[in-house]
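Coordinates in review
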Amino acid sequence: MKGKSKKKIFIYIAFIVLTLAALSVVIFFKLNQNILIGSWESEDKARLYRFDENTLTITFADSKESVLYGYALKSNKELVLSKGGKNFYYDIFVGDNSIAISSADTDSPEILHRVYE
């Protein structure tokens, strides 16, 4: 009887360890993914920001004109935009369904809201 209860305890412990390991892997990958990928819209709905793996397309609502940038996201707190060999640095503050992008050159941050398509 003692042998069966030891096996049950071992099975429960193994199950808990495997479950925790699987959850840790999922959480690790979720935390390291790019939080910007997708579509974002400015508060005034004048610009649509579309982030891919390494490109940002900004589409202006009034003229339907688009501007393409390369970008890099550093530690989910700094956004580096590249265009024509020049780099522009922005700070990012992440909310639930919105982000704020600001730089030393601007007075107020650009607030973007997630667009679900």
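Structural data are supplied above this passage.
Now for a description of the structure that goes with this document. Given the structure is predicted, the values throughout are model-derived calculations rather than measurements. Every chain is numbered on its own, with residues counted from 1 as its sequence reads. Per-residue local features of the predicted model are confined to residues with pLDDT of at least 70, and side-chain atom pairs are confined, for both listing and counting, to 80 or more; whole-chain, interface and lining totals are unaffected and use all residues. Think of the side-chain values as coming from all heavy atoms in the structure, minus any hydrogens and water.

1. What about the side chain of S42?
For helices the rule is a DSSP run of H or I covering at least 4 residues; for strands it is a run of E covering at least 2, with both sets numbered from the N terminus onward. Locating S42 in the fold gives a position in strand β1 (residues 38-42). Classification of S42 by relative accessible area gives buried; the value is 2%. Residues contacting S42, with those up to four places away along its chain left out, are R47, Y49, E110, I111 and L112. Each residue is placed in one exposure class: buried if its accessible area under a 1.4 Å probe, protein chains only, is under 20% of its type's maximum, exposed if it is over 50%, and partly exposed if it falls in between. By the convention used here, residues are in contact when the closest approach between their heavy atoms is within 4.5 Å.

2. What about the nonpolar core?
Taken as a class, soluble globular proteins show a tendency for nonpolar side chains to be buried jointly. Counting residues in hydrophobic clusters, the biggest one holds 15 residues, and the most contacted among them are L36, Y49, F51, L56, Y71 and L79. Residue assignment for this core shows that the elements contributing at least two residues are β2 (47-51), β3 (55-60), β4 (66-74), β5 (78-83) and β7 (98-102). Tallying contributions element by element places β4 first for this core, with three residues. Side-chain atoms within 4.5 Å link the members of a nonpolar core, which is a set of buried Ala, Val, Leu, Ile, Met, Phe, Trp, Tyr and Cys residues.

3. So, the environment of K77
Positionally, K77 belongs in the loop between β4 and β5. K77 sits in the exposed class, given a relative accessible area of 59%. In the structure, K77 is positioned 41 residues away from L36 in sequence and 11 Å away in space, judged by C-alpha atoms. Once residues within four sequence positions are removed from consideration, K77 is found in contact with Y90, D91 and I92.

4. Section: the sheet that holds β4
Pairing between strands requires that DSSP locate at least two bridges from one strand to the other. Strand order in the closed barrel formed by eight strands is β1-β2-β3-β4-β5-β6-β7-β8, and the pairing between neighbours is antiparallel. Averaged over all adjacent pairs, the angle separating strand axes in this sheet is 35 degrees, with direction ignored. Pairing geometry for β7 and strand β8 (residues 110-115), over four bridges, is antiparallel. If you follow S98 over to β8, its bridge partner there is H113. Axis definition: a line fitted to C-alpha atoms, over the contacting stretch in the case of helices. Angles run 0 to 180 degrees between N-to-C directions.

5. Looking at a nonpolar patch on the surface
Put simply, a patch holds well-exposed residues, over 30% relative accessible area, that have no salt bridge, with like charges counted together within 9 Å and Val, Leu, Ile, Met, Phe, Trp or Tyr side chains within 5 Å. Only the protein chains shown count as cover for residues, with accessible areas throughout obtained via the Shrake-Rupley method and a probe of 1.4 Å. By salt bridge we mean one thing: a side-chain nitrogen of Lys or Arg within 4 Å of a carboxyl oxygen of Asp or Glu. Together, F15, I16, L20, L23 and I27 line one region of the surface with nonpolar side chains, adding up to about 530 Å² of accessible area. Within the element layout of this structure, L23 appears in helix α1 (residues 2-32). For L23, a relative accessible area of 46% gives the class partly exposed.

6. So, the layout of surface pockets
Space inside the largest pocket adds up to approximately 290 Å³. Every residue lining the largest pocket is counted, 16 residues in all, and those nearest its centre are Y49, I58, L81, Y90 and E110. Only Asp, Glu, Lys and Arg are considered charged in this grouping, and only Ala, Val, Leu, Ile, Met, Phe, Trp, Tyr, Cys and Pro are considered nonpolar; every other residue, Gly among them, is considered polar. Across the lining of the largest pocket, the residue classes tally to eleven nonpolar, three polar and two charged. Cavities and pockets were defined on a 1 Å grid built over protein atoms only: a cavity is a set of grid points that admits a 1.4 Å probe from which the probe cannot escape, a pocket is an open set flanked by protein on both sides within 12 Å along at least five of seven lines, and lining residues are those with an atom within 4 Å of any such point. Grid points are joined across faces, edges and corners, and a volume is the space filled by probe spheres set on the points.

7. So, the side chain of S39
When you line up the elements, S39 lands in strand β1. According to the relative accessible area criterion, S39 is buried, its value standing at 7%. Residues adjacent in sequence count toward polar contacts only when both atoms are side-chain atoms; beyond that, a polar contact is any pair of N or O atoms within 3.5 Å, and within protein one must be able to donate a hydrogen and the other to accept it. In this structure the side chain of S39 is engaged in a polar contact, spanning 3.1 Å, whose partner is the side chain of R50.

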